[in-house]
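A structural walkthrough
Listed here are the chains, written in short residue letters.
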Amino acid sequence: SIIAAVVNEQDEVALLWQNYVSETKHVCVAGIMKIGESAEDSVVREIAEEIGLTVKKLKYIKSYPYGKKEMLMLGYKAVVDKEDFTLSGEVDSAVWIKFDEALSLLREGSIAWQLVKEVIQR
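What comes next is a walk through the structure. (Residues numbered from 1 in each chain as written. Predicted model: local features only at pLDDT ≥ 70, side-chain atom pairs only at ≥ 80, totals over all residues. Heavy atoms only, no water.)

1. Thoughts on the overall build of the protein chain
We count it as follows: Helix and strand definitions here come from DSSP, where helices need a minimum of 4 consecutive H or I residues and strands a minimum of 2 consecutive E residues; each element is numbered from the N-terminal end. Atoms considered for the radius of gyration are the C-alpha atoms alone. The globule rule reads 2.2 Å times the number of residues to the power 0.38. Relative accessibility decides the category of a residue: with a 1.4 Å probe and only protein chains considered, values under 20% of the type maximum give buried, values over 50% give exposed, and everything between is partly exposed.
Helix and strand content of the protein chain: three helices and six strands. Counting helices and strands in the order they occur from the N terminus, the protein chain gives β-β-β-α-β-β-β-α-α. Relative to a compact globule of 122 residues, whose C-alpha radius of gyration would be 14 Å, the protein chain shows 13 Å and is just as compact. Based on the C-alpha atoms only, the size of the protein chain along its principal axes is roughly 35 × 30 × 30 Å. The burial tally for the protein chain puts 43% of its 122 residues in the buried class.

Below, the structure written as structure tokens:
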């Protein structure tokens, strides 16, 4: 599985609202790799599918064990141009949030929170 902190040139991160994931906190783009697909290809595909943006630069950050579903999440920083979102049916809404506000919208300690914190600190 993959998870991505999608960032733009204005030090903002794209945060998604998906009611089936959480009714109170935002999340990052995440998804499952398809058979024959690399992790990097999965990140690019998921970002295009979920929020309609094209990845310009991709950097692996680290892996995160997700015990709830017995999965390993591979975390990436994905750089895109700031554009309006084109949302898939899986995403209720998405917003661009400045780095200094982003962590407060994510569940503290979650994989998304850890990933965004790491990306901001770098």
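2. Quick word on the packing of aromatic side chains
How we decide: We call Phe, Tyr and Trp rings a pair once their centres come within 6.5 Å, taking the six-membered ring for Trp, and we label the pair stacked below 30 degrees between planes, edge-to-face above 60, and tilted otherwise.
A full pass over the atoms with the stated rule returns two aromatic pairs. Taken together, a centroid distance of 5.4 Å and an interplanar angle of 75 degrees make the contact between tyrosine 60 and tyrosine 76 edge-to-face. Within this pair, whereas tyrosine 60 is found in strand β4 (residues 57–66), its partner tyrosine 76 is found in strand β5 (residues 71–79), the two being separated by 16 residues in sequence.

3. Some thoughts on unusual backbone geometry
The backbone phi angle of aspartate 11 is positive, close to 55 degrees, even though this residue is not glycine. Looking at where aspartate 11 falls in the secondary structure, it is placed in the loop between β1 (2–7) and β2 (12–17). Assessed through its relative accessible area of 45%, aspartate 11 is described here as partly exposed.

4. Structural notes on helix α1 (residues 39–51)
Our working definition: Helix span, as expected, comes to 1.5 Å for every residue beyond the first. Here a residue-residue contact requires only that any non-hydrogen atoms of the pair lie within 4.5 Å.
A rise of 1.5 Å per residue sets the reference length of α1, with its 13 residues, at 18 Å; its end C-alpha atoms lie 18 Å apart and thus fit the reference within 8%. Buried within α1 are the following residues: Ala39, Ser42, Val43, Arg45, Glu46, Ile47, Glu50 and Ile51. Next to the buried residues of α1 lie β1, β2, β3 (29–31), β4, β5 and β6 (93–98). Just beyond α1, the residue with positive phi is glycine 52, at close to 70 degrees.

5. Some points on the side chain of glutamate 46
Using the following cut-off: Polar contacts, as used here, are pairs of N or O atoms within 3.5 Å; protein pairs need one atom able to donate a hydrogen and one able to accept it. Residues neighboring in sequence count only if both atoms are side-chain atoms.
Tracing the chain through its elements places glutamate 46 in helix α1. Engagement of the side chain of glutamate 46 in a polar contact is seen with the side chain of arginine 45, the distance being 3.1 Å. For glutamate 46, the residues in contact, after removing those within four places along its chain, are Ile2, Val29, Ala30, Gly31, Ile32 and Ile51.

6. So, the pairing of β4
Regular strands show a simple pattern: their side chains alternate between the two faces of the sheet. Here is the rule: In this analysis, strands are considered paired if DSSP registers two or more bridges between them.
Here β4 pairs with β5 via nine bridges, running antiparallel. Its bridge partner being in β5, tyrosine 60 is matched across the sheet by tyrosine 76.

7. Re the layout of surface pockets
To keep things clear, this is the line we draw: Using a 1 Å grid laid over the protein atoms alone, points where a 1.4 Å probe fits but cannot get out form a cavity; open sets with protein on both sides within 12 Å along at least 5 of 7 lines form a pocket; any residue with an atom within 4 Å of a point counts as lining. Grid points are joined across faces, edges and corners, and a volume is the space filled by probe spheres set on the points. Each residue receives one of three labels: charged for Asp, Glu, Lys and Arg, nonpolar for Ala, Val, Leu, Ile, Met, Phe, Trp, Tyr, Cys and Pro, and polar for the others, Gly being one of them.
Its boundaries defined by the atoms lining it, the largest pocket holds a volume of some 800 Å³. Surrounding the largest pocket, 27 residues form its lining, Val21, Val27, Ala30, Tyr66 and Met73 being those nearest its centre. A breakdown of the residues in the lining of the largest pocket according to their chemical character gives 13 nonpolar, seven polar and seven charged.

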